[in-house]
Amino acid sequence: MTAQGQPARSTTAADVPRRNWAGNVRYAARAFHRPTSVDELRRLVAGSTRIRAVGSGHSFNRFGDTDGDLVTLAALPPVVDLDRERGQVTVSGAMRYGDLARHLHTQGYALANLASLPHISVAGAVATATHGSGQTHGNLASAVAGLELVTADGDLLRVDRDTDAFAGMVVGLGALGLVTRVTLDVVPTFELRQYVRLDLDREALDEALGSAYSVSVFTDFRSPRLREVWRKQLADQPPPPADWLGTTAADAPRHPVLGMPAENCTPQLGEPGPWHERLPHFKLGFTPSSGDELQSEYHVPRTAAADALAALDDVAHLIAPVLLVSELRTVAADELWLSPNHQRDSFVLHFTWVADTAAVLPVVAEVEERLAPFAPRPHWGKVFVTDPEELAARYPRYADFAALLRHLDPTGTFRTELLDRYFPR
């Protein structure tokens, strides 16, 4: 059914973000909107020639920027509909993962994976294939069983895993429509313990990454050894032995970035707790940092972990001066067309940079050049400079997504300058 009524008036909404979380992108929108109903949103989309949705703003590039209308879905009626029989939950796209997780836990359920930040919105994280860590866990988008979205003409479209091209719609970069609801697979709730180990030899990296439910390794590229290993293991498993892989146990809670307060981080030192209070690195009630940073991230084949890390040794002297911290993770393969983990288990190299774009971009280019033999796929929401043709060659279904984009948005309602660069019309 086509949206009824007149297009919504282009008024300025004072509580819609004007910048992204990091502050490096100031949105160029001509008007900002905060609709309070799906019908209002449908009228707004139907009456706009160019529109994008903004979630938590935790993106570091201009894929989400527009010179048209910018809209937040945070004021739409909240939805949390748990289907115990199917093992699924349907939620508002704008809901934060941390809020959803708390509700699920009280009902005896969990999500199999969470990202480092519980503050991010469900729809935004899914659209960019944001992820946590774990060799047997897919990214957050791999848990999606259904979507509801407002398409370019204001129609309300519902799709699920039985829908043709569903695997192309989940990681949609916000380019196929404005996602109002997301259906996710759930599992029974569980408890974890988090242990931080110090000073890992690189030769033990592979074993460390596969040693627990979720593992993150932190380094600063100032030493050949790896500074910290964050092991999030099931609560009923024994703690790592005192001499685990030649490391030592942290004697106090740690923050991934040296000098930052550990009180912002989820409990460590083996204290048991529910999944949603251990899988993220940061507590929902705290801002993890000022946001005064940039981020990049590259996914390479899991089997290339040691070689990919070694390939950066020659530029470590360039990386270290502009780096706050680097995180090494794993993610399981999936079938989603634009997922960086499409059809390959992945080793992930994440970089949190200082907030200096001019200093960081040349280093990003050097990192990409060294990783090129491993066909790296950058995180869609972070800083990268990969050539569009090179990036297209790294995704078997890239052309299929481009065709889907033209089919669902023939007039370019949801397009942006950066989307046009990577998916030309």
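## Focus: the overall build of the protein
- Scanning the protein for helices and strands turns up 11 helices and 19 strands.
- Against the compact-globule benchmark of 22 Å for 425 residues, the protein has a radius of gyration of 21 Å, which places it among compact chains.
- Counting only C-alpha atoms, the protein reaches 70 × 45 × 40 Å along its principal axes.
- Buried positions account for 57% of the 425 residues belonging to the protein.
- Counting only contacts in the protein whose residues sit at least 6 apart along the sequence, the fraction spanning at least 24 positions is 71%.
- For the protein, the exposed surface amounts to about 17,000 Å²; the carbon and sulfur share of it is 50%.

## Description of helix H2 (residues 97–106)
- For H2, the full list of buried residues reads Tyr97, Gly98, Leu100, Ala101 and Leu104. Down the axis, H2 shows its buried residues gathered within 160 degrees of arc, on one side only.
- Where H2 is buried, its residues meet strand E4 (80–83), strand E5 (88–92), strand E6 (109–110), helix H3 (122–127) and strand E9 (178–185).
- Where H2 ends, the next residue or the one after it, Gly108, has phi of about 90 degrees, a positive value.

## Brief notes about empty space enclosed by the protein
- Under the criterion given, the structure shown has one cavity of 30 Å³ or more.
- If you add up the space inside the largest cavity, you get close to 40 Å³.
- As for the largest cavity, its lining consists of Leu114, Ala115, Ser116, Gly132, Ser133, Ser214, Ser216, Lys232, Leu279, His281, Glu327 and Arg329.
- For the lining of the largest cavity, the elements supplying multiple residues, two or more each, are strand E12 (214–219) and strand E17 (323–331).
- In terms of residue class, the lining of the largest cavity is built from three nonpolar, six polar and three charged.

## Comments concerning the side chain of Thr330
- Relative to the assigned elements, Thr330 resides in strand E17.
- Overall, Thr330 belongs to the buried group, its relative accessible area being 1%.
- A distance of 3.3 Å separates the side chain of Thr330 from the backbone nitrogen of Gln135, its partner in a polar contact.

## Examining the layout of surface pockets
- Roughly 390 Å³ of volume is contained in the second largest pocket.
- Taken together, 18 residues line the second largest pocket, and the ones lying closest to its centre are Gln88, Thr90, Ala145, Gly146 and Thr183.
- Those elements that place two or more of their residues in the lining of the second largest pocket are E4, E5, strand E7 (144–150), strand E8 (156–160) and E9.
- Tallying contributions element by element places E7 first for the lining of the second largest pocket, with four residues.
- In the lining of the second largest pocket, the residues fall into six nonpolar, four polar and eight charged.

## Remarks on the confidence of the model for the protein
- Residues at a pLDDT of 70 or more form 96% of the protein, whose mean pLDDT is 94.
- Considering only residues more than four positions removed or in separate chains, one finds that residues 1–12, a stretch of pLDDT under 50, has 25 contacts.

## What to know about the sheet that holds strand E1 (residues 31–33)
- If you trace the three strands from one edge of the open sheet to the other, you get E1-E3-E2, paired in parallel fashion. In the strand order of this sheet, the two ends are held by E1 and strand E2 (51–54), each with one partner. Each strand axis lies, on average, 25 degrees off the axis of its neighbour in the sheet, ignoring direction.
- Where E2 and strand E3 (residues 69–72) come together, four bridges link them in parallel fashion. Its bridge partner being in E3, Arg52 is matched across the sheet by Leu70.

## Considerations on the sheet that holds E8
- Reading across from one edge, E4-E5-E9-E7-E8 is the order of the five strands in this open sheet, with antiparallel pairing throughout. In this open sheet, the two strands that pair with only one neighbour each are E4 and E8. Strand-to-strand twist across the sheet, computed as the mean angle between neighbouring axes with direction ignored, equals 15 degrees.
- For E7 and E8, the ladder comprises five bridges, and the chain directions are antiparallel. Bridge pairing links Gly146 to Asp160 in E8.

## A word on the pattern of salt bridges
- Here the structure, examined in full by the defined rule, presents 23 salt bridges.
- Between Asp39 and Arg42 there is a salt bridge, with its nearest N and O atoms 3.8 Å apart. Of this pair, Asp39 and Arg42 are both found in helix H1 (residues 38–46), three residues apart, which corresponds to roughly one turn of the helix.
- Note that Arg86 and Asp83 form a salt bridge whose closest N and O atoms lie 3.7 Å from each other.
- Assessed through its relative accessible area of 28%, Asp83 is described here as partly exposed.
- Salt bridges sharing common partners tie together Glu148, Arg158 and Arg181.

Rules and cut-offs
Residues numbered from 1 in each chain as written. Predicted model: local features only at pLDDT ≥ 70, side-chain atom pairs only at ≥ 80, totals over all residues. Heavy atoms only, no water. Helix = DSSP H or I, 4+ residues; strand = E, 2+ residues; numbered from the N terminus. Rg over C-alpha atoms; globule rule 2.2 N^0.38 Å. Buried < 20%, exposed > 50% of the residue type's maximum accessible area, 1.4 Å probe, protein only. Contact = heavy atoms within 4.5 Å. Areas by Shrake-Rupley, 256 points an atom, 1.4 Å probe, with all protein chains shown as cover. Arc of directions from axis to C-beta. 1 Å grid on protein atoms, 1.4 Å probe; cavity = no way out; pocket = protein on both sides within 12 Å on 5 of 7 lines; lining within 4 Å. Points joined across faces, edges and corners; volume = space filled by probe spheres on them. Nonpolar A, V, L, I, M, F, W, Y, C, P; charged D, E, K, R; others polar. Polar contact = N/O pair within 3.5 Å; in protein donor to acceptor, adjacent residues only side chain to side chain. pLDDT = per-residue confidence, 0-100. Pairing = 2+ DSSP bridges. Axes fitted to C-alpha atoms, helices over the stretch in contact; angles between N-to-C directions. Salt bridge = Lys/Arg side-chain N within 4 Å of Asp/Glu carboxyl O.

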